[in-house]
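Chain and residue survey
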Amino acid sequence: MIKGLYAITDACLLPPDQLPGAVEQALRGGVRLLQYRDKEPGDARRLEQALHLKRLCDRYSVPLLINDDLALAKACQAAGVHLGQGDLKLQQARAELGPDALIGITCHDSLELAREAQQGGASYVAFGRFFHSHTKPDAPPAPLDLLLRARSQLHLPLVAIGGITVDNAAQVISRGADAIAVIHDLFSSRDIEQRARDLNRIFDRF
Ligand SMILES: Cc1ncc(COP(=O)(O)OP(=O)(O)O)c(N)n1
Ligand SMILES: Cc1ncsc1CCOP(=O)(O)O
Ligand SMILES: [Mg+2]
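Residues numbered from 1 in each chain as written. Chains lettered and ligands numbered in written order. Predicted model: local features only at pLDDT ≥ 70, side-chain atom pairs only at ≥ 80, totals over all residues. Heavy atoms only, no water.

The helix and strand inventory of the protein stands at 9 helices and 8 strands. Its C-alpha radius of gyration of 16 Å places the protein within 12% of the 17 Å reference for a compact globule of 206 residues. Each principal axis of the C-alpha distribution contributes one length, and for the protein these read about 40 × 40 × 30 Å. Within the protein, the proportion of its 206 residues that are buried is 53%. (Helix = DSSP H or I, 4+ residues; strand = E, 2+ residues; numbered from the N terminus. Rg over C-alpha atoms; globule rule 2.2 N^0.38 Å. Buried < 20%, exposed > 50% of the residue type's maximum accessible area, 1.4 Å probe, protein only.)

With that out of the way, let us pick up the coordination of the magnesium ion (ligand 3). Those protein atoms acting as donors to the magnesium ion (ligand 3) are Asp68 (OD) and Asp87 (OD), and they sit at 2.0 to 2.2 Å. Taken together, the residues Asp68 in the loop between strand 3 (64-67) and helix 3 (70-75) and Asp87 in the loop between strand 4 (80-83) and helix 4 (90-97) connect sequence positions 19 residues apart. (Donors = N, O, S within 2.8 Å, 3.2 Å for Na, K, Ca; no water.)

Close to ligand 2 lie Arg37, Arg129, Ser133, Thr135, Lys136, Ala139, Ile161, Gly162, Gly163, Val182, Ile183 and His184, which account for all nearby residues. Here Ser133 contributes a side-chain N or O atom positioned 2.6 Å from an oxygen atom of ligand 2. Gly163 places a main-chain nitrogen or oxygen 2.7 Å from an oxygen atom of ligand 2. About the coverage of ligand 2: the protein hides 91% of its 380 Å² of free accessible area. Among the residues forming the shell around ligand 2, the class breakdown is 4 nonpolar, 5 polar and 3 charged. (Near = heavy atom within 4 Å. Polar contact = N/O pair within 3.5 Å; in protein donor to acceptor, adjacent residues only side chain to side chain. Areas by Shrake-Rupley, 256 points an atom, 1.4 Å probe, with all protein chains shown as cover. Nonpolar A, V, L, I, M, F, W, Y, C, P; charged D, E, K, R; others polar.)

One finds Ile66, Phe127, Val172, Ile180 and Leu186 to be the most contacted residues of the largest nonpolar core, which totals 63 residues. Sorting elements by how many residues they give to this core places helix 1 (residues 19-28) first, with 5 residues. Contact partners of Ile66, with chain neighbours within four places excluded, come to Tyr36, Ala50, Leu72, Ala73, Cys76, Ala78, Gly80, Val81 and His82. (Core = buried A, V, L, I, M, F, W, Y, C linked by side-chain atoms within 4.5 Å. Contact = heavy atoms within 4.5 Å.)

This paragraph deals with helix 6 (residues 146-153). Looking at helix 6, one finds that the buried residues are Leu146, Leu147 and Ala150. Angularly, the buried residues of helix 6 cover 95 degrees about the axis, an arc narrow enough to put them on a single face. Packed against the buried residues of helix 6 are helix 5 (111-119), strand 6 (124-128), strand 7 (158-161) and helix 7 (169-173). (Arc of directions from axis to C-beta.)

Bringing the environment of Lys74 into the picture now. Within the secondary structure layout, Lys74 lies in helix 3. For the pair formed by Lys74 and Lys89, sequence separation is 15 residues and the distance between their alpha carbons is 16 Å. The contact partners of Lys74, leaving out residues within four places of it in the chain, are Glu96 and Leu97.

Between helix 1 and helix 9 (residues 192-201), the shortest axis-to-axis distance is 7 Å and the interhelical angle comes to 40 degrees. For helix 1 against helix 9, the interelement crossing comes out right-handed. Residue-level inspection shows Ala22, Gln25, Ala26 and Arg28 of helix 1 in contact with helix 9, the latter providing Ile192, Glu193, Ala196 and Arg197. (Axes fitted to C-alpha atoms, helices over the stretch in contact; angles between N-to-C directions. Left-handed = near helix turned anticlockwise from the far one by under 90°.)

Shown next, in the form of structure tokens:
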């Protein structure tokens, strides 16, 4: 289930009037998971957008995850949440969302954090950033070979994030990433649907 292209939205790249259209193009291009990530203020706007994305994702049978915000995930009946090390604790999210929810945990470059997340009932672990990221340039870097070690030591799906593009995705997929989480290379593209297809197709090579 956690396999292929994992699209993440970005409030700067996608203003409210462009968000649904851009996401629908990505869904048409075969995105396998969608994360709503919006750190701007405005609870009512965020709820409205999340509900809109939930309806779109349902049409394409794609799980919607919410970044950081458990209450929003519950309010829009999302499939789950993505949590970083400074966010809400995994145990609380699992207790509130239940056993079937998808809960992803950021592990940066740490196998120790990943083992802890696996032990604590995470659905996937995310490593990165693997490359320079336009969206989050200061995210801690991670070496590509971390994925090889993670692959041999963990049974959870591995998500790679950070500066992933059509030109470098093969480097993380060949090392064991089950999914690639992408913002800029997907949503800044002139043809989002085709870019989604191109990113997903890289998985066929491995
Ligand atoms: C799939 C995925 N991986 C990592 C992150 C980063 O989460 P976090 O470290 O909490 O940082 P923010 O996204 O909240 O800035 C993610 N969102 N998704
Ligand atoms: C949220 C996040 N966490 C680590 S890098 C990153 C941003 C990923 O966006 P992009 O694909 O544009 O580098
Ligand atoms: Mg976070």
